[in-house]
Amino acid sequence: MHMDHEHLGCPAHDHPEQCGKTSCEGCHTPMEELTALMKYMVGHNAAHARELAGLAKQLEQAGQTAAYEQVMAAVSDFEKGNLRLSAVLQSLEG
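In this numbering scheme, every chain counts its residues from 1 along its sequence in written order. Local features are withheld for residues below a pLDDT of 70 in this predicted model, meaning they are given only at 70 or higher, and side-chain atom pairs are given and counted only at 80 or more; totals for whole chains, interfaces and linings count all residues. Hydrogens and water are ignored here; the side-chain numbers use all heavy atoms of the structure.

What follows concerns the overall build of the protein chain. Here a strand is any run of E in DSSP of at least two residues, a helix any run of H or I of at least four, and the numbering for each starts at the N terminus. Of the regular secondary structure elements, the protein chain holds 3 helices and 0 strands. Taken from N to C terminus, the helices and strands of the protein chain fall in the order α-α-α. Taking all 94 residues of the protein chain together, the buried fraction comes to 21%. By definition, residues are in contact when any of their heavy atoms lie within 4.5 Å. Considering only residue pairs separated by 6 or more positions, the protein chain has 62% of its internal contacts joining residues 24 or more positions apart. Surface exposure here means Shrake-Rupley accessible area, sampled with a 1.4 Å probe, where a residue is shielded only by the protein chains that are shown. In the form shown here, the protein chain has an accessible surface area of approximately 6,500 Å², with 57% of it arising from carbon and sulfur atoms. Between buried and exposed lies partly exposed: a residue is buried under 20% and exposed over 50% of the maximum accessible area for its type, with that area taken using a 1.4 Å probe on protein chains only.

In structure tokens, the structure reads:
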């Protein structure tokens, strides 16, 4: 369930009308496309983590403490993975 965002609109493919292609192949270097996609994925993953934390809060409010704790553990794992991706992104941008 995607409440906050769309899967469409990847920054690497936002302007096909400008280059006349369905992707940005030829508009940007492959590394620029990879960096843009990585940036998109880091933000996308952060949005999912926020969504999951919101669901966890609802579970807690419903008295589902064990489920809340498990979802929050998953959020923590998700955030740790996204930190690794963020480090990769920094190295690509740097």
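For the rest of this paragraph, the subject is the side chain of Asn45. Its location among the elements puts Asn45 in helix α2 (residues 30-61). Asn45 gets classed as buried once you look at its relative accessible area, which sits at 15%. Apart from the residues within four sequence positions on either side, Asn45 is in contact with Phe78, Asn82 and Leu85.

Let us now look at the packing of α2 against helix α3 (residues 65-93). Two numbers describe a pair of packed helices, the interaxial angle and the distance between the axes. Taken N-terminus to C-terminus, the directions of α2 and α3 make an angle of 165°; their axes are 9 Å apart at the nearest point. As summarised for this structure, α2 and α3 are arranged roughly antiparallel, according to the angle between their axes. The interaxial crossing formed by α2 with α3 has left-handed handedness. Looking at the contact of α2 with α3 residue by residue, the classes come out as 20 nonpolar, 5 polar and 5 charged. To get an axis, a line is fitted to the C-alpha atoms, and for a helix only the part in contact is used. The angle between two axes follows their N-to-C directions and goes from 0 to 180 degrees. In these notes the angle categories are as follows: under 35 degrees is roughly parallel, over 145 is roughly antiparallel, 65 to 115 is roughly perpendicular, and the rest is oblique. Note on convention: near helix rotated counterclockwise from far helix by under a right angle means a left-handed crossing. Clockwise means right-handed. Residue classes follow a fixed rule: Ala, Val, Leu, Ile, Met, Phe, Trp, Tyr, Cys and Pro count as nonpolar, while Asp, Glu, Lys and Arg count as charged, and any other residue, Gly among them, counts as polar.

Okay, a nonpolar patch on the surface next. On the surface, Met31, Leu34, Val88 and Leu92 cluster together into a nonpolar patch covering about 330 Å² of accessible area. Those elements giving two or more residues to the nonpolar patch turn out to be α2 and α3. Turning to its location among the elements, Leu34 is positioned in helix α2. Patch members must show over 30% relative accessible area and no salt bridge, and they are joined within 9 Å when carrying like charges or within 5 Å when they are nonpolar side chains of Val, Leu, Ile, Met, Phe, Trp or Tyr. One side-chain nitrogen of Lys or Arg within 4 Å of one carboxyl oxygen of Asp or Glu is enough to make a salt bridge.

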